[in-house]
Structure formats: structure tokens, C-alpha cells
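# Structure at a glance
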Amino acid sequence: MPQSVKSLIALFSKPNIGPTDIFVNVNDLIEETGKIEQVGDVKWSEIVFLEARDPAPTGWIPSDFVDHDFKRVVDPEIDSAIFAENALYAASSMLANLHFLLAWAFFESEIKNLVREIAGIERIGPYQFTPEIWDAHRNVEEFGIDFEKSRIYEHEYQCDIAALIIRRTVEAFKVANAGAAPKATELLLAIYIGVPAVKIALESDRQLSIVQSIDSSIEGQEDAETKRNKTLALYQDVLTNGDPANPCTTDETLQIIGNRLNAALDATRILMEEIDPDLLPSSDADLNLDEGIVVMAHGGAPVANVRGFLVAKLQEALAAAGSPPLKMDTVFGPDTKKALNNWQDANGEKQSGKLTDEVWQKLTGVSPPTPYEKCAQLTASFEGHFFADVITGNSDAAILTWGFLGFTFRFGHVQEIILRADAKNQQWLEESFGSEKAAALRDILTKELNPHQLDWAKANMLIGDTVRSDWEAAFKHFGSIAGVQEIQIEYGKTLWDQAQRIVQPLKLCELISHAMCFDIAVKDGPNALKNSIAGLEPNGDELGLRRKISERGNNQPRRKVFVSGDGKVNSMNYRLEYWGIQSFEEDEENLHTDDKDPNPTYDQDFEAYLIASVPEIEGLFEPREFLVRGGNAGPGENPMPPPRKLWKNVPSLARVLVRIRSEIGKPIQLCSVYRGPDYNKKVGGVKNSQHLFFKAADFKVVGPNPGNSTDWANAVKRLRDVGVFKGGVGKYRTFVHVDTRGDNKNWFG
């Protein structure tokens, strides 16, 4: 917990040596690092400041000066209108549901900045975060979050963390539940006790104690009993209804949460209406916790087109809906895009070349693809396999590699699919392999894998290290049967479930993280996945975890595609947003309709801050240029200025723009930099745009002989290639987008 000092004291560089010009005052927030040294009769403690300083000063003070009983006094009252504006920004940035975000704060504290102690643990602010929960989420590079420990006491920062928790919990719930989004009550319960525990609770007898589900979800973990008791203590009002000796059943828990949450939703409707009446759902049933998920989309050169069994289902649905003759090639190419656009136009949908969950369901009449199915389609493309494909060589000692995920005979996968297919329809084996081979397969599959099945396969299915042509033809026919293809997909789910169990300790939420781990398990095997995550701990920074995993084991170029979401595999350029694995980069081509002057009203402190942070901009850019309104701002319209908490993101962007100006050697005009949630919504920007974080700029070169956007984008990429920055470069017809997200990404508008 944060501490302070009992009286004013200078900070020492070493125990009793070298007092600095930094003083620690009463009520300054500090924390002991754990280092203690004795000098004579005085014990010294190393401390670090928790207040917003960059970098945070660290030094030594006499231990007796540390106030271990310090309690920070905060004003409990929060201006609800300001809180709602902060919540709107956070919800837009993190793709979280605004109404739920506001209702959660009301549920916990009636939107007050409270500090309470429960079971010896402080719960702080409108969302009643514990310091442990705060520390787990306050540094997440991927979402532009880098908050000091002390920010837990500031409600505007709590909104960002709460929105991030909502987003990640929804994503984790969907991965665990075949793509189904949680109900509002299930979401809040999952935030409290974890997605695995909620999944167990919902699938078990709901009259059983909720504690049983919590225990089952953490069984075998270190300190399981401590975790369980802490959870029950912190959330006793909903898990035990105030009586720890008699924990609630699952149904009782959901009922308690539901009653209070419905009241909170009602209480926050007025705040929603004050922000924007269009945001207000017509009823609580309209509370959408799963917004605009893309199943797949057409990419176009130089990006590899999405291909696979889900595309096949799309093409079949388009053909059934009366589309002009369409080549059933399982590739989401230009013809499939055109057919989808025609169907969207005929059915009152916006032509986009993108297939969302809602459009998929309307077009196909079946539930949207599950997270597993989307990831399996991607891995199958990486592998270069389809249902009937047979790898005839045996260089990897697999004996036979067959099917859309490259199932092998060596590890028993092919045999399991044969057994499942034969149990469903014995005729499939007969027509594919003939009576003699079918009988031989049925007989050998009753014996042990090693050595009997493997020895038999080597003797009967191979000539040297090559699959015999008659067996190759038989398996190709077998894989072409629609029922067998469904069984392949069904069996692949067992590999997905196995990978999920292996990575459960990491508490992964993002689909791209799960896709990476599944791909490793399929390509290199479950033991390779275990080795790839060995020693890693959940820390809230999934981008950082993916980086570490990508640096381990084999197939590193393939793994690195999952770090930034794009890259090459087998000479093909992949962008994972087209596969429904990652959120889309925005199409900004039509966002800048004309040139506007920078916003004439802004905090003068920003000018001083930017010049002090990046003095090299003088003579090249005016600070007010970084507050440009954008071409779609209406007359007299002043979009929301960047919040002060985001100012720290712009110096690195400004330094990059200075280098770009030098590299190109001509004046640069900034078209759009910061974009607030309201303006981002107005212009149709994606909901996780880097512009929302003050980390992106759209620019064009002006003056005589400016060149074109290809020239400008190439100049930016040259700087990135030599390490000037890490981030995204988007080339559009009339301008270039650059951002400092921390990982390299390219796209074309």
C-alpha cells in the first residue's frame, strides 16, 4: 500500500551519504522497495516516489520517517458529468460498452471516490480496485496505458483501467464459450471470480455453491486457498450475501448481481442521455457487450486473401442466396467480395467487403464462427493444407500427414478421425479405401499406437519414405467427404482445448494471443507450447507476452506474425484483422475532406509542454499544429482537446515527424493528430484508433514538387527500418498515416 513520511526529510542518494535537492513531504506518496541498510544506530529504507514524476525519484531516508499507518485522504465526491465524459473516452478507446462501464461504477460506489478496507485490503475509487488489480493492468503498452501507482486514487484513470478490464473479460469469455458474449450479470461475475470459474458455474448445477466453481477453477494452483478466501472476502456482498459461512449458489449470486446491476443501469441512463442520446439503449436487453466483430474481410494485393473452410461456407451461402455464378475456390478474392457487396446492397447493408458476425448470421442462417474456427482457418492456411490434402513425404517421421490441420498418423490424430468417421457412417471407409483396406484399418486401430499401429503403417502405407499412391488416393477421397470434413473440424477442437488448458495460467484474453498458442501447438506440438510459455507469468501485457513467446522455439518468423498482426509466412503477406483475429486498422481515406486551421482554442500549457519536451520542433512545426481539427469538423465546431493524461504520448510522435520532415526535405502539413471519441465517431474512425491515444498523425507533403504518398510512405519506412521508431505506416491516396504504437505494421488505404 502507498506510504508517506511523518515529517519533511531530504532524499539521500545513499544511506547517510549525499543528500539530494529532492525533499519528501508529508502526504507525498512513496513506497519502500524492500532494501534496508543499517548505518550506525540508524536503519535506512530505500523508497520510490509514487506520484506522477518522470522518472520517479528513488533514494534513501531513515526508516523511522516512513509513516506505515498513512491513509490517503480523498474527496469522495465526483462530478458525474466529468466522470461520464471520461468514461466515454475510455469506452471508445477500449471498445467497451459505455452503459456497463458507468453502471459498474454505480454498482460499486454510486460513482464516488471511496477508500474502504475489506479483510485488510484497500478498495479504492469508483470501481473499488485493489492495489493488486491496479498493478496488474496499469502498464499495458498495447492500449497506451502507462499509469503510476498513485493514479489509482484518480477517477479519470480508473475509467481507463475499468474499460480495459471489461474488454479483456469479454474477449476471454468469448474464447472460453465458443464465441458467445456474456450477459451483463455474467460479465460482472467473471470480473470478480474469473472466466474459468464462471464457465464452470454456468455449465454445472446452478444450485451448487459458487465456491465450488471457484475452487475447481484454481485447483492445483499455488496458494489456491488464499486466492479463494481473498475472493470471498472482497466480494462477500454478492458471493455470500453477507454470510461467509453460507456462500450463495450460482443462481443466487447471479440474482443478487442482476438486481443491483439493473438498478445501476437505470440510475446511469440519465448520464448516458446527457452525453449523447444516440448512445442510450432502448432497453437493458439492448446492452451490447459484443460490438461489430469481423469474421473475415477481403484484403487484396499485396495482402494474402483469406482462404479456408469458413470462406467455403460463405461462398455456399452467397450461391444459395442467388449470387451470380461464383467460383467455389475457398478464397475470399475479388469475385467473392463483389458477390458479398451485391448481397449487402440488396439487403440494406452497407457495402464494405467485410463480414461481421451479424451479417454472417443473416446470410448463412447459422451462428457466427467460434474463436477456434477462425484460428483453425488461419493455421490451416499457414500449413498450406485443406481437408483432402496428403503430404506424401515422411521426412518428419509422421508416416502420413493429412487434412486441413496436417493431422499425423505418428501421434494418432489420423486414427482418431477414422474411428469417429466410422462410428458415424461405415460406408465412408468402404467407399474411400475399399473393403480390404477398410477392414485392415478397423483391425489395426483396435491395437496400441506404439508399436503396433506405427509398425503396421510403415509396412503397409509407405514405400521407403513416401506414402503409397493407392493410400494417397484413398485418403484424398476420404477427406473430400463433407461428413469427414466436419469431423476434422470437430477433432481440431480437441487440439484447441488442449492448448487452452496449457496456457490457462497466463490468463490470456485477446484472441490473437490464443491464436498464437494454438498455432504453436498444431505446428510444433503441445510440449513445444509448454516450453514456449515456461516461466512466464500473467502481467496484463499480452503484447509483451507474445513478444517473449515469439522469441522461443522454432518457426520464429511465423510466431512473430502474432506479435504485430502482420508478416510473411511461406512468402505470403498476412494481416490478421482480415482473418477476424485482430481489430481492424482504420480506413481513413475519406476522413480528410478539406483543409482546416488548427483548433484555435487550446490550453496554452500544451505549447510550453511540447516545446520543452521536443525543442527540435521549433522552426518546423508549431505546437498548435498537433491540435489540428481535421477536415470533417463543421463550422464553429471544436472537437474535444487531448486530455492531459495523454500528453506524454505525443513527444515521441513529434520526434518522428521531425525526422520525417528532415528525411523528405520538404514542408509537412498535419491533417489529423489527436481525435477525441466524439469526433472519432463522427468521422467513422475505428474504435481503437491510435489517434485516440495521441500517438498518430496523418500528414501530406506540400509545396513545389511534393511527390506522392508512395514516396512519403517509403521515406517513413526507411526511418523505421533503421530504428528511429516502431509503429504503423498506412499509405493512402493523398496522405500517409504514421503512429508510434510500439510494433511495426503496414497497410494500404
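Before going into details, it helps to say that this report is about the structure given with it. The structure displayed is predicted, hence computed values, not measured ones.

Those residues of helix α13 (residues 357-364) that fall on the buried side of the exposure criterion are D357, V359, W360 and L363. Axial view of α13: buried residues confined to an arc of 165°, hence all on one face. Just beyond α13, the residue with positive phi is G365, at close to 80°.

Turning our eyes to something else, we now look at the pattern of salt bridges. Oppositely charged side chains may form a pair once their charged atoms are brought near each other. One pass over the structure, following the stated rule, counts 34 salt bridges. Among the salt bridges present, the one from D215 reaches R228, with a minimum N-O distance of 3.2 Å. Of the two residues, D215 is situated in helix α7 (residues 210-218) and R228 in helix α8 (residues 224-234); the sequence distance between them amounts to 13 residues. The residue R442 makes a salt bridge to E430 at a minimum N-O spacing of 2.8 Å. Take E430: its relative accessible area is 26%, and that puts it in the partly exposed class. Taken together, the shared-partner salt bridges in this structure form one network comprising E31, D135, R138 and K149.

With that out of the way, let us pick up helix α22 (residues 542-550). Buried residues dominate α22, accounting for 7 of its 9 residues. Those residues of α22 lying buried are E542, L543, G544, L545, R546, I549 and S550. Against α4 (155-176), α20 (511-524), α21 (526-533) and α23 (556-564) lie the buried residues of α22.

In this section: the pairing of strand β5 (residues 42-49). Where a strand is regular, its side chains alternate between the two sheet faces. Most of β5 sits out of view: 6 of its 8 residues are buried. One ladder, built from 7 bridges, connects strand β4 (residues 30-39) with β5; its direction is antiparallel. Counterpart to Q38 in the pairing with β5 is K43. Taking the residues between adjacent antiparallel strands as the criterion, β4 and β5 are bridged by 2 residues, where G40 takes a positive phi near 65°.

Here the focus is the packing of helix α16 (residues 426-444) against helix α18 (residues 469-480). Across the interface, α16 lies against α18 with an axial gap of 8 Å and an inter-helix angle of 130°. Between α16 and α18, the interaxial angle falls into the category oblique. Along this stretch, α16 crosses α18, giving a crossing that reads as left-handed. Facing W428, L429, E431, S432, F433, K437 and L441 of α16, the residues of α18 in contact are D470, W471, A474, F475, H477 and F478. Grouping the constituent residues of the contact of α16 with α18 by class yields 8 nonpolar, 2 polar and 3 charged.

This part covers the sheet that holds strand β25 (residues 745-748). In spatial order, the strands read β21-β22-β24-β23-β25; together these 5 strands make up an open sheet with mixed pairing. Of all the strands in the sheet, the pair left with one neighbour each is β21 (668-672) and β25. Taking the axes of each pair of neighbouring strands and ignoring which way they run, one obtains an average angle of 25° across the sheet. In this sheet, β25 lies alongside strand β23 (residues 728-731) in parallel orientation, the contact comprising 4 bridges. Looking across to β25, one finds that G730 is bridged to W747. Against the sheet, helix α27 (residues 709-721) contacts β22 (696-701), β23, β24 (736-739) and β25, and its axis sits at roughly 170° relative to β23.

This paragraph deals with empty space enclosed by the protein. Following the criterion strictly, the structure yields 2 cavities of 30 Å³ or more and no others. By volume, the second largest cavity amounts to about 70 Å³. Contributing to the lining of the second largest cavity are Y89, S93, M94, F143, G144, I145, F147, D160, K645, L646 and F693. Examining the composition of the lining of the second largest cavity, we find that 3 residues originate from one element, helix α1 (residues 80-94), more than from any other. Its residues assigned to classes, the lining of the second largest cavity shows 7 nonpolar, 2 polar and 2 charged.

In terms of nonpolar packing, the biggest core is built from 113 residues, with W104, F626, L657, I660, F699 and V738 touching the most fellow members. For this core, the element with the highest residue contribution is α4, accounting for 11 residues. If we skip the residues at most four places from it in the chain, F699 touches L657, I660, I664, I668, Q669, L670, C671, W712, V716, F735, V736 and V738. If you look at the next biggest cluster of nonpolar residues, it comprises 91 residues, including V359, C375, W402 and V561.

Note on aromatic pairs: each is described by the distance of the centres and the angle between the planes. Counted according to the given criterion, the structure contains 34 aromatic pairs. When the centroid spacing of 5.8 Å and the interplanar angle of 20° are considered together, the rings of Y127 and F129 count as stacked. Residue Y127 is classed as buried on the basis of its relative accessible area of 1%. What links up through ring pairs into an aromatic cluster is the set F83, W104, Y127, F129, W134, F147 and Y157. Looking at R260, its charged tip hangs above the ring of F107, at a distance of 3.9 Å from the centre. The ring of W471 carries the charged tip of K437 above its face, separated from the ring centre by 5.4 Å.

This part is about the pairing of strand β9 (residues 121-124). Where burial is concerned, the two faces of β9 agree: the one with I121 and R123 and the one with E122 and I124 are both buried. Both strand β8 (residues 115-118) and β9 contribute to a ladder of 4 bridges, which runs antiparallel. The partner of V115 across the bridge, within β9, is I124. Counting the residues between successive antiparallel strands, the hairpin from β8 to β9 contains 2 residues, one of them, A119, with a positive phi of roughly 55°.

This part covers the sheet that holds strand β15 (residues 401-402). Ordered in space as β14-β15-β16, the 3 strands form an open sheet in which the pairing is antiparallel. With partners counted over all chains shown, the strands left at the sheet margins are β14 (390-391) and β16 (407-408), one partner each. Of the pairings in the sheet, the one linking β15 to β16 comprises 2 bridges and is antiparallel in character. Within β16, the residue paired with T401 across the bridge is T408.

Conventions adopted
Residues numbered from 1 in each chain as written. Predicted model: local features only at pLDDT ≥ 70, side-chain atom pairs only at ≥ 80, totals over all residues. Heavy atoms only, no water. Buried < 20%, exposed > 50% of the residue type's maximum accessible area, 1.4 Å probe, protein only. Helix = DSSP H or I, 4+ residues; strand = E, 2+ residues; numbered from the N terminus. Arc of directions from axis to C-beta. Salt bridge = Lys/Arg side-chain N within 4 Å of Asp/Glu carboxyl O. Contact = heavy atoms within 4.5 Å. Pairing = 2+ DSSP bridges. Axes fitted to C-alpha atoms, helices over the stretch in contact; angles between N-to-C directions. Parallel < 35°, antiparallel > 145°, perpendicular 65-115°, else oblique. Left-handed = near helix turned anticlockwise from the far one by under 90°. Nonpolar A, V, L, I, M, F, W, Y, C, P; charged D, E, K, R; others polar. 1 Å grid on protein atoms, 1.4 Å probe; cavity = no way out; pocket = protein on both sides within 12 Å on 5 of 7 lines; lining within 4 Å. Points joined across faces, edges and corners; volume = space filled by probe spheres on them. Core = buried A, V, L, I, M, F, W, Y, C linked by side-chain atoms within 4.5 Å. Phe/Tyr/Trp six-rings, centres within 6.5 Å; stacked < 30°, edge-to-face > 60°. Lys NZ or Arg CZ within 6 Å of the ring centre and 35° of its normal.

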